[in-house]
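Here is what each chain is made of, one letter per residue.
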Amino acid sequence: MESCKMLLQSLLDTHDQMVLVLEEEMVAFANSTFLHFFGLASLLEFKREVGMLEHRFVPHDSYFHAGKIESDERWYEALAALPEQERIVSMINTQIVPHAFEVKVMTGIGRYVVVTFRDVTKELIKRILIQNDANTDKASGAYSRDYFMHTSASLQDAANFNKKHIHLTTIVLDSTLNDEASIRSFVALIKQNIRVDDMLVRWNERTFVLAYLVDADSFGDIVTMKLEHLLKSHQVQTCLQHSCALNTIVPKASEPLSAMIKRALS
């Protein structure tokens, strides 16, 4: 029996994802990835330090947590009953950094339940921001202003959850970029050189707003310099003489995104 347990533990430890095996609600096995997340060395430490796992789920409305469990439910049963896209929990690791996990619950294995946790932290903002083509300005290929305003609360929520700051860089085109093909080419150039979770928004006919999350205020200056270098290089390569006015807005203490937008466009 002991050799079987050692073999199972070895198999679980080969998984990059966090894996738990529950036996009648109690944790029977936890793989090394799971233990490492909490900075623990053994299952015994896990049981002593972590206790009931559902109480380690961050009580955030966007995720599943202990407050969403009925009194007669087990946490994994309540979670498994949710639609697939809602089976997301958040936990804080040993470095006090929050992570979001997509959870899968596998039952039908006698008295055992296998639960896997796939880290989707990097996908979180992308899920919020990217929906479908209806969210874009058809003429330019950038996000539409209406969609940005509709998702701004979610963007702020994602920034707060991930302990980041939202920065805005406004891009105002000059009058030489006056046809749809040129503007669409300009947008494509910008989108090719930003991260997938950055938002390039067409605010009006000549003004675009780039919204992005940063760890430090100095990163906003880096983005501005990168855009300036990109646009200058593009002018040289294409012999186009158009210019753009760039302005980066850094948030003030506790400043909401709506106030930042107002400052950016004033």
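Described below are features of the structure shown in this document. If you're wondering where the values come from, they're calculated on a predicted model, not measured in any experiment.

A separate point is the side chain of arginine 202. Tracing the sequence through the fold places arginine 202 in strand β8 (residues 199-202). A polar atom in the side chain of arginine 202 sits 3.4 Å from the backbone oxygen of asparagine 204. Here arginine 202 is in contact with Asp137, Ala139, Ser140, Ala142, Tyr143, Ser144, Arg145, Ile183, Thr207 and Phe208, once residues within four sequence places are set aside.

Its twelve residues place the ends of helix α7 (residues 180-191) 16 Å apart at the C-alpha level, agreeing with the 16 Å of an ideal helix rising 1.5 Å per residue. For α7, the complete set of buried residues consists of Ile183, Phe186, Val187, Leu189 and Ile190. Down the axis, α7 shows its buried residues gathered within 160 degrees of arc, on one side only. Among the exposed residues of α7, those oriented more than 90 degrees off its buried face are Glu180 and Ala181.

Turning our eyes to something else, we now look at the nonpolar core. Counting residues in hydrophobic clusters, the biggest one holds 27 residues, and the most contacted among them are Phe34, Phe38, Phe46, Leu53, Trp75, Met91 and Phe117. Of all the secondary structure elements, the ones that give two or more residues to this core are β1 (18-23), β2 (26-30), α2 (32-37), α4 (75-80), β3 (88-92), β4 (98-109) and β5 (112-119). If near-sequence neighbours (up to four positions away) are discounted, phenylalanine 117 is found in contact with Gln17, Met18, Leu20, Phe34, Leu53, Phe57, Trp75, Val89, Met91, Phe101, Glu102 and Val103. In this structure, Val187, Leu189, Leu210 and Val214 belong to the second largest nonpolar core, which totals 19 residues.

The next point concerns the sheet that holds strand β6 (residues 143-144). The five strands are arranged β6-β8-β9-β7-β10 in an open sheet whose pairing can be described as mixed. The open sheet is flanked by β6 and β10 (244-249), the only strands paired with a single partner. Here eight bridges tie strand β7 (residues 165-173) to strand β9 (residues 207-214), and the two strands are oriented antiparallel to one another. What sits directly across from isoleucine 171, in β9, is phenylalanine 208. Sitting on the sheet, helix α9 (residues 257-264) is in contact with β7 and β10, with an inclination near 25 degrees to β7.

Rules of the game
- Numbering of residues starts from 1 in each chain and follows the order in which that chain's sequence is written.
- Local features in this predicted model are restricted to residues of pLDDT 70 or higher, and side-chain atom pairs are both shown and tallied only at a pLDDT of 80 or more, whereas totals for entire chains, interfaces and linings draw on every residue.
- Hydrogen atoms and water are omitted, and side-chain values are computed over all heavy atoms in the structure.
- Strands here mean DSSP runs of E at least two residues long; helices mean DSSP runs of H or I at least four residues long; both are numbered from the N terminus.
- N or O atoms within 3.5 Å of each other form a polar contact, as long as, within protein, one can give a hydrogen and the other can take it, and as long as residues adjacent in sequence are counted only when both atoms are side-chain atoms.
- By definition in these notes, contact holds between two residues if any of their heavy atoms fall within 4.5 Å.
- Expected helix span is taken as 1.5 Å per residue step, with the number of steps being one fewer than the number of residues.
- The buried label applies to any residue whose accessible area, calculated with a 1.4 Å probe on protein chains only, is under 20% of its type's maximum; exposed applies above 50%, and partly exposed to all values in between.
- Relevant arc is that of directions from the helix axis to the C-beta atoms, nothing else.
- Here, nonpolar core refers to any group of buried Ala, Val, Leu, Ile, Met, Phe, Trp, Tyr and Cys residues whose side-chain atoms link them within 4.5 Å.
- For two strands to be treated as a pair, DSSP must find no fewer than two bridges joining them.
- Interaxial angles span 0 to 180 degrees and are taken between N-to-C directions of axes, which are lines fitted to C-alpha atoms, for helices over the stretch in contact.

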